[in-house]
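Listed below, chain by chain, are the residues.
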Amino acid sequence: MRKYWLIAFLVVCLPVALVLAQGRSAAESVVREGNSLYERGDYQGAVAKYQQALASGFESGALYFNLGNAYYRLGDIGRAILNYERARRLLPEDEEVRFNLELANLKTVDHIVVPPKFILFRFVESFKDWLAFGTLFRVVMGLYLIVVALVIGLVLDRPGRVHRPLRAGLWLFGFLLVLFAVTLAARLHEATRLAEAVVLEEKVAALSGPGEEAAEQFFLHAGAKVRIEEVSGSWCRIRLPDGKVGWLPAAAMERI
């Protein structure tokens, strides 16, 4: 009976795996074409190829980084920052991504002064963004398996010969599991609830309400990073890192 289940599993899953692998291979080929165009200085052509790869469902930190570089070369600072930010979410440890993002931010018109945070909050934020999401997930799963193994070891160690080191290990890895699991939960919360966006229009007015008739509050320019707090039709209530609040047309920006 098990043999038939295995055959059925292979019949269903193998074609799906092959199709996915072929799709990924085709997308990687398009990305390589984009890289070749970028090296020859055809940045518009490179953008078209990178966008084609993204439209096929392929996504990677390197792809967003290359797309950001192409937009940067074209002088489109808003889209360069948007794609550097996307690359940073997938490759938070990558020094090149951080450097190019900082370089692009220097080109923006809006230099928003962020109030200094308490050192403990800065440490927590740095720790939270320390690992890429996929790596963080694997760390949590690895710690979970270690904790389960230690619990089983404690149950099976009836003579109590290694009870003390097993218990000490359980406390240590249990603490690490809780710490990284909470970090993972915070990252999930940010990804699903706290939408961030980058302004793409050269200049746009933030209004006091959702509608053209509302009063102008302040102006933002391409590359400004905002947090979306509310959506009303085609308008979004945004908040800046310095606390300013206003309404922008949704079409003036794109979510990270």
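Scroll up a little and you will see the structure.
Visitor: Would you mind going over the overall build of the protein in detail, with residue names and values included?
Guide: Helices and strands together make up the secondary structure of the protein, namely eight helices and seven strands. Total accessible area on the protein is roughly 16,200 Å²; 62% of this is exposed by carbon and sulfur atoms.

Visitor: So what about the side chain of Thr 108? Which residues, and what values?
Guide: Mapped onto the fold, Thr 108 is located in the loop between α5 (95-105) and α6 (119-128). Here Asp 110 takes part through its backbone oxygen, which lies 3.4 Å from a polar atom of the side chain of Thr 108. Excluding residues within four positions of it along the chain, Thr 108 makes contact with Ile 77, Ile 81, Ala 222 and Gly 223.

Visitor: Please provide a residue-by-residue account of the packing of helix α3 (residues 61-73) against α5, values included.
Guide: Two elements in contact, α3 and α5, have axes whose closest approach is 11 Å; the angle formed by their N-to-C orientations is 30°. Here α3 lies roughly parallel to α5, going by the angle between them. In this structure, α3 meets α5 at a crossing whose hand is left-handed. The residues of α5 that touch α3, namely those facing Phe 65, Asn 69 and Tyr 72, are Glu 96, Val 97, Asn 100, Leu 103 and Ala 104. When its residues are assigned to classes, the contact of α3 with α5 shows five nonpolar, two polar and one charged.

Visitor: Just give me the short version of the nonpolar core, but keep the residues and values in it.
Guide: One finds Val 31, Tyr 50, Leu 63, Leu 67, Ile 81, Tyr 84 and Val 198 to be the most contacted residues of the largest nonpolar core, which totals 28 residues. Those elements that place two or more of their residues in this core are α1 (2-39), α2 (43-55), α3, α4 (77-90) and α5. Counting 16 residues, the second largest nonpolar core, distinct from the first, contains Ala 206, Leu 220, Val 226 and Leu 248.

Visitor: Give a detailed account of the packing of aromatic side chains, specifying residues and quantitative values.
Guide: According to the stated counting rule, one finds two aromatic pairs in the structure shown. For the ring pair Tyr 38 and Tyr 43, a centre distance of 5.1 Å and an interplane angle of 65° mean the geometry is edge-to-face. Tyr 38 sits in the partly exposed class, given a relative accessible area of 22%. Considering the side-chain rings of Phe 65 and Tyr 84, the 6.0 Å spacing of their centres and the 45° angle between planes classify their relative orientation as tilted. Of this pair, Phe 65 sits in helix α3 while Tyr 84 is found in helix α4, placing the two residues 19 residues apart along the sequence. In this pair, the class of Phe 65 matches that of Tyr 84, namely buried. Note that Lys 203 overlies the ring of Phe 219, its terminal NZ or CZ placed 4.6 Å from the centroid. The aromatic ring of Phe 218 is capped on one face by Lys 244, whose charged end is 5.5 Å from the ring centroid.

What counts and what doesn't
Throughout, a residue's number is its position along its own chain's written sequence, starting from 1. Per-residue local features are limited, in this predicted model, to residues with pLDDT of at least 70; the limit for side-chain atom pairs, both in listing and counting, is 80 or more; totals at the level of whole chains, interfaces and linings are taken over all residues. Values reported for side chains reflect all heavy atoms of the structure, with hydrogen atoms and water molecules removed beforehand. To qualify as a helix, a DSSP run of H or I must reach at least 4 residues; to qualify as a strand, a run of E must reach at least 2; elements of each kind are numbered from the N terminus. Per-residue accessibility takes into account occlusion by the displayed protein chains alone, with areas from the Shrake-Rupley method and a 1.4 Å probe. Polar contacts, as used here, are pairs of N or O atoms within 3.5 Å; protein pairs need one atom able to donate a hydrogen and one able to accept it. Residues neighboring in sequence count only if both atoms are side-chain atoms. Note on contacts: a residue pair is in contact if any heavy atoms of the two residues lie within 4.5 Å. Each axis is a line fitted through C-alpha atoms, taken for helices only over the stretch in contact, and angles between the N-to-C directions span 0 to 180 degrees. Between 65 and 115 degrees an angle is taken as roughly perpendicular, under 35 as roughly parallel, over 145 as roughly antiparallel, and anywhere else as oblique. By the definition used in this description, the sense in which the near helix is turned from the far one sets the handedness, with an anticlockwise turn below a right angle giving left-handed and a clockwise turn giving right-handed. Classification used: nonpolar for Ala, Val, Leu, Ile, Met, Phe, Trp, Tyr, Cys and Pro, charged for Asp, Glu, Lys and Arg, polar for all others including Gly. To define a nonpolar core, start from buried Ala, Val, Leu, Ile, Met, Phe, Trp, Tyr and Cys residues and group those joined through side-chain atoms within 4.5 Å. Burial classes: relative accessible area under 20% of the type maximum marks a residue as buried, over 50% as exposed, and values in between as partly exposed (1.4 Å probe, protein chains only). Two rings belonging to Phe, Tyr or Trp (six-membered ring only in the last case) form a pair when the distance between their centres is within 6.5 Å. Interplanar angles under 30 degrees mark stacking, angles over 60 mark edge-to-face geometry, and anything in between is tilted. Our definition puts a charge over a ring when NZ of Lys or CZ of Arg is within 6 Å of the ring centre and also within 35 degrees of the ring normal.

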